[in-house]
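# Summary of the model geometry
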Amino acid sequence: MDLEHVSDDFTRVLYTEADIERRLQELGAQIDQDYDGKELLLIGVLNGAVMVMADLSRAMNSHCHMDWMAISSYGSGTKSSGVVRILKDLNTDISERHVLVVEDIIDTGLTLSYLLSNLASRGPASLEIMTMFRKPEALENRVDVRYVGFDIPNEFVVGYGLDFGGRYRNLKGVATLAPHVYS
Ligand code: PRP
C-alpha cells in the first residue's frame, strides 16, 4: 500500500519506501562485511519482521539462512510486560551458528531481553540483533543492538510491518498515526 492512498490517516510521514530501501542497502553491506566468511542464520520475529526480513536478506550479497519465531507478550494494553510465551519455536538447531535476530521495532526492549536469554541458552556461535526501528525507551533499557535502521520518536507509528489493530503492516513507508484513527 502506498502512503498516498491513506494519507488522511497520518499526521507525518517519517520514512518513505526509498528511505527504507537506502538504509537497508547500507546495513546489508555492513552485515556482509562483518560476517565475511561466515554463513548467517537470520531469525525473524513474527509478524512484524516479515517485511524487513525479506528486504534485508535481499540487500545482502552473502548466503544466509532464515528461520522464524512467533511470540506472544503477556500483559494488557499496548505495552509489553516482558513475560513472553513462545507460540512458534525455531525449526533450526542454532548451536554453533552465527545468529542475527531481525526485528521490526524495539520499543521497551522487554521482548528482546527475554528472547536473547532464551536463544543464548541454546549455544549459538554468536548472537546479535538487527532492528529496523528503535524507540527511546529501548536505549534507556540498554538493549545491546548491533544494527539499527532508524531511531524514531516515541509516537504511534505504523507501516513497514508495524500495525494498528492488524492494519497498515503492508504500508510501504512509515508514518505517525493521526489521533482520529485510534481515538
Ligand atoms: C512488536 C515487535 C517486537 C515487540 C517490541 O511485536 O515486533 O517483537 O513488539 O516491543 P518491546 O520492545 O516493547 O518488547 P508485537 O508484539 O506488536 O507483535 P507483531 O510483530 O505481531 O506486531
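Everything in this summary refers to the structure shown in the same document. Nothing here was measured: the structure is a model prediction, and the numbers come from that model. (Residues numbered from 1 in each chain as written. Predicted model: local features only at pLDDT ≥ 70, side-chain atom pairs only at ≥ 80, totals over all residues. Heavy atoms only, no water.)

## Section: the pattern of salt bridges
Overall, the coordinates contain 11 salt bridges when judged by the stated rule. When the shortest N-O distance is used, the salt bridge between D19 and R22 registers 2.8 Å. Here R22 and D19 lie together in helix α1 (residues 17-34), a separation of three residues that amounts to about one turn. The partner of E128 in a salt bridge is R146, with the nearest N and O atoms 3.8 Å apart. (Salt bridge = Lys/Arg side-chain N within 4 Å of Asp/Glu carboxyl O. Helix = DSSP H or I, 4+ residues; strand = E, 2+ residues; numbered from the N terminus.)

## A closer look at the pairing of strand β9 (residues 174-177)
Sheet analysis places strand β1 (residues 10-15) next to β9, joined by four bridges and oriented antiparallel. Bridge pairing in β9 places F10 opposite L177. Pairing between strand β8 (residues 157-158) and β9: two bridges, direction antiparallel. Bridging across to β9, V158 finds its partner in A175. (Pairing = 2+ DSSP bridges.)

## Observations regarding the site of the ligand
Near the ligand there are 15 residues, and of these E103, D104, T108, G109 and T111 occur at the shortest range. Within the contact set of the ligand, an oxygen atom lies 2.8 Å away from a backbone nitrogen or oxygen of D107. At 3.4 Å, a side-chain N or O of D163 approaches an oxygen atom of the ligand. Relative to its unbound accessible surface of 500 Å², the ligand loses 77% to contact with the protein. At the level of elements, β5 (98-106) and α3 (110-120) are the ones that each hand at least two residues to the shell around the ligand. (Near = heavy atom within 4 Å. Polar contact = N/O pair within 3.5 Å; in protein donor to acceptor, adjacent residues only side chain to side chain. Areas by Shrake-Rupley, 256 points an atom, 1.4 Å probe, with all protein chains shown as cover.)

## Structural notes on unusual backbone geometry
The amide bond that connects L46 to the next residue, N47, takes the cis arrangement and shows omega of 0°. For N47, the position within the fold is in the loop between β2 (40-46) and α2 (50-59). Of note, E96 is a non-glycine position whose phi angle comes to about 70°, a positive value. A relative accessible area of 64% means that E96 is categorised as exposed. (Buried < 20%, exposed > 50% of the residue type's maximum accessible area, 1.4 Å probe, protein only.)

## Some remarks on the environment of F164
By the element assignment, F164 lies in the loop between β8 and β9. Judged by relative accessible area, F164 falls into the partly exposed class, the value being 26%. Measuring from C-alpha to C-alpha, the distance between F164 and H180 comes to 13 Å, with 16 residues separating the pair along the chain. If near-sequence neighbours (up to four positions away) are discounted, F164 is found in contact with F156, V158, L177, V181 and Y182. (Contact = heavy atoms within 4.5 Å.)

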